[in-house]
Amino acid sequence: MAASFAPVQRLVISIAVLASFVTFLDGTVVNVALPAISREIGGGITTQQWVVDAYLITLSALILLAGSVSDAYGRVLVMRIGLIAFGVASIAVAAAFDPLTLIVARAAQGAAGALLVPSSLALITATMRAEVQARAIGVWTAFTTGAMLVGPLLGGLFVDFLSWRFVFLINVVPIAITLLLLSRLHLPEQERRVKVDWWSGALCAIGLGAVVFALIEQPNLGWQSPAIWLPAVIGVALFVLFLLRQRGTATPLMPLWLFRVRDFGWGNLATLFVYAALSLNGFVVGVYLQQGAGLSATAAGLASLPMTILMILLSSRAGAWAGRWGPRIFMTVGPLIMAAGALMLLTVGADFDYWWQVLPAMIVMGLGLSLTVAPLTAAILGAIDEGHSGIASAVNNAVSRVAGLLVVAMLSTIVGGALDLGGFHNAAWVTATLLVLGGVVSWIGIRRNPAEAAPAAAPASDPETPSDLEPGSDLAPH
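Since this is a predicted model, take the numbers as computed values, not measurements. (Residues numbered from 1 in each chain as written. Predicted model: local features only at pLDDT ≥ 70, side-chain atom pairs only at ≥ 80, totals over all residues. Heavy atoms only, no water.)

Attention now goes to the overall build of the protein chain. Along its length, the protein chain carries 19 helices and 0 strands. Counting all 478 residues of the protein chain, 62% fall into the buried class. In the protein chain, 84% of the contacts between residues at least 6 apart in sequence involve partners at least 24 apart. (Helix = DSSP H or I, 4+ residues; strand = E, 2+ residues; numbered from the N terminus. Buried < 20%, exposed > 50% of the residue type's maximum accessible area, 1.4 Å probe, protein only. Contact = heavy atoms within 4.5 Å.)

Below is the structure:
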């Protein structure tokens, strides 16, 4: 019989869903608004990339630091601060009247969003275990991924009937509701055994930002320009220093021993491929359907609605199935189905027809996505103990955001310099390839059933070494 939720667990799920909803929504709601933003405040594809990636840079670079802060200072407190900051930054985005102001405000939004995602998932993993946790993560996944998919529709409606600026003001309502629910949540005080490594946070943030700057601006200036290769070299060097520091410090921001947990390590590799594909597909479909196929912003947003509906209907059930039978089969079959859907977008031609060329692809991708995301999240987070749930959630979310960050930064290279029909087809091939890699990696690496008991935490005396290295355990090196 499926596990049921206690009242406090239902409250936790509601808070976690709402807190993450605004972050995931803003990650995709902007895609369909990009042409309108570009028309009003200027800039071509480079400005459009920066509007997306400014948000993703700070979100992905600071999410590790935020996960550690969540474990150190309390998930509820960190979530409350993140909600307020996100609301203020959203208003700043809506008020922007030039590209620089908009990009800076989007970066502030991402920084605030980094505080929300790990603390919200950590609330679930800290208060639930086994099949109940898997079902809860399935519910969280359905609504937060649904927010990613419904974002283009909401964005299109606001762009066509009001203004793109209202796209960012819709956050106010869910933020207010979440703050109200947080005031009703009373949980036992968590043990504060985690120290925050601020230096590692700086190395990660600056390193990622420099690399992404080089990738976005490279088509304009070329790799021979010092303004491109110098930030790229500095960024890579800083990120290497970040990884080296994780090995040497007693309080790592990203404990490397986490990746020795088989399902955590392989699951994050699958996450990298799957979310890179999702980000590429979302960006390209949202922009091409307007600029290439001539659809309105609302119609372009409606294109992904089938995926949203399928996610909401099936994700919770897929999470429960994964809790009962293990995630491996779902994490393998799901991405392969999505890859087939991506290849169906190759039928899009100069004589555009949504019903025969796009809708079938969206349905197939929605089915695959529904089978993939909840089992993927449950497998990764269910493999790590409660004491490190915040940082485990942060690492997984950082991987997914970095995947989107890098693929959008490389967009000009992927589409061949212009998002015309040929560029759209190139993106479909790349999307399918990434999804196939995600399915193959899952089949090779995933083993653990998240319904089993989670492994013990690593001892404070040796952050690199898990505490339970018995033969055959999930923490044993593979």
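Turning next to the side chain of Q357. Inspection of the secondary structure assignment puts Q357 in helix α15 (residues 354–357). Judged by relative accessible area, which is 12%, Q357 ranks as buried. Looking at Q357, its side chain comes within polar contact range of the main-chain nitrogen of G349, at 3.5 Å. Leave out the neighbours within four places in its chain, and Q357 touches M344, L345, T347, V348, G349, D351 and F352. (Polar contact = N/O pair within 3.5 Å; in protein donor to acceptor, adjacent residues only side chain to side chain.)

This paragraph deals with the packing of helix α13 (residues 305–325) against helix α16 (residues 359–382). Contact geometry of α13 with α16 gives a least axis separation of 7 Å together with a crossing angle of 30°. Between α13 and α16, the angle falls in the class roughly parallel. Crossing hand, α13 versus α16: right-handed. Seen from α13, the contacting residues are P306, M307, L310, M311, L314, S315, A318, G319, W321 and A322; seen from α16, they are L359, M362, I363, M365, G366, L367, L369, S370, L371, A374 and P375. (Axes fitted to C-alpha atoms, helices over the stretch in contact; angles between N-to-C directions. Parallel < 35°, antiparallel > 145°, perpendicular 65-115°, else oblique. Left-handed = near helix turned anticlockwise from the far one by under 90°.)

With that settled, consider α16. Here α16 contains 24 residues, and its C-alpha end-to-end distance of 35 Å stays within 8% of the 34 Å for a straight helix at 1.5 Å per residue. Of all the bends in α16, the largest measures some 25° and sits at L369. For α16, the buried fraction is high: 19 of the 24 residues fall into the buried class. (Expected span 1.5 Å × (residues − 1). Bend = angle between axes of the 7 residues up to and from the residue.)

Our focus in this paragraph is the layout of surface pockets. Estimates place the volume of the largest pocket at around 400 Å³. Looking at the largest pocket, it is lined by 20 residues, and the ones nearest its centre are L208, F239, A398, V399 and V402. Of all elements in the fold, only α3 (45–73), α9 (198–221), α10 (226–248), α11 (262–291) and α17 (389–409) reach the threshold of two or more residues within the lining of the largest pocket. When residues of the lining of the largest pocket are assigned to their parent elements, the largest contribution, 5 residues, is made by α17. Of the residues contributing to the lining of the largest pocket, the split by class is 16 nonpolar, 4 polar and no charged. (1 Å grid on protein atoms, 1.4 Å probe; cavity = no way out; pocket = protein on both sides within 12 Å on 5 of 7 lines; lining within 4 Å. Points joined across faces, edges and corners; volume = space filled by probe spheres on them. Nonpolar A, V, L, I, M, F, W, Y, C, P; charged D, E, K, R; others polar.)

Locating S90 in the fold gives a position in helix α4 (residues 75–94). Non-local contacts of S90, meaning those with residues more than four positions away in its chain, are made with Q109, F168 and N171.

Moving on to a nonpolar patch on the surface. Where nonpolar side chains cluster on the molecular surface, the patch consists of I329, V333, L336, V436, V440, W443 and I444 and spans about 560 Å² of accessible area. For the nonpolar patch, the element with the highest residue contribution is helix α19 (residues 421–445), accounting for 4 residues. (Patch = residues over 30% accessible without salt bridge, like charges linked within 9 Å, V, L, I, M, F, W, Y side chains within 5 Å. Areas by Shrake-Rupley, 256 points an atom, 1.4 Å probe, with all protein chains shown as cover. Salt bridge = Lys/Arg side-chain N within 4 Å of Asp/Glu carboxyl O.)

Turning to helix α8 (residues 172–182), a few remarks are in order. Among the residues of α8, those classed as buried are P174, I175, T178, L181 and L182. Down the axis of α8, the smallest arc covering the buried residues is 125°, so these residues share one side. For α8, the exposed residues lying more than 90 degrees away from the buried face are V173 and L180. (Arc of directions from axis to C-beta.)

Our next topic: the environment of A339. Relative to the helices and strands, A339 is located in helix α14 (residues 328–344). A339 sits in the buried class, given a relative accessible area of 4%. A339 sits 22 residues away from A361 along the chain, and the two C-alpha atoms are 9.6 Å apart. Excluding anything up to four places from it in sequence, A339 contacts A432, L435 and V436.

Here the focus is the environment of G209. For G209, the position within the fold is in helix α9. Relative accessible area serves as the criterion here: at 18%, G209 is assigned to the buried category. Put simply, G209 and I57 are 152 residues apart on the chain and 6.0 Å apart in space, counted from C-alpha to C-alpha.

Put simply, α11 and α16 touch, their axes get as near as 10 Å, and they point 150° apart. Taken together, α11 and α16 sit at an angle that is classed as roughly antiparallel. The two elements α11 and α16 cross, and the hand of that crossing is left-handed. Mapping the contact onto sequence places D263, F264, G267, N268, A270, T271, V274, Y275, L278 and N281 in α11 and M362, M365, L369, T372, V373, L376, A379 and I380 in α16. Its residues assigned to classes, the contact of α11 with α16 comprises 12 nonpolar, 5 polar and 1 charged.

This paragraph deals with the environment of A392. Its place among the elements puts A392 in helix α17. A relative accessible area of 1% places A392 in the buried class. For the pair A392 and L258, spaced 134 residues apart in the sequence, the C-alpha separation amounts to 7.7 Å. Ignoring sequence-local partners within four residues, the contact set of A392 consists of F264, L381 and I384.

Keep in mind these values describe shape, not function.
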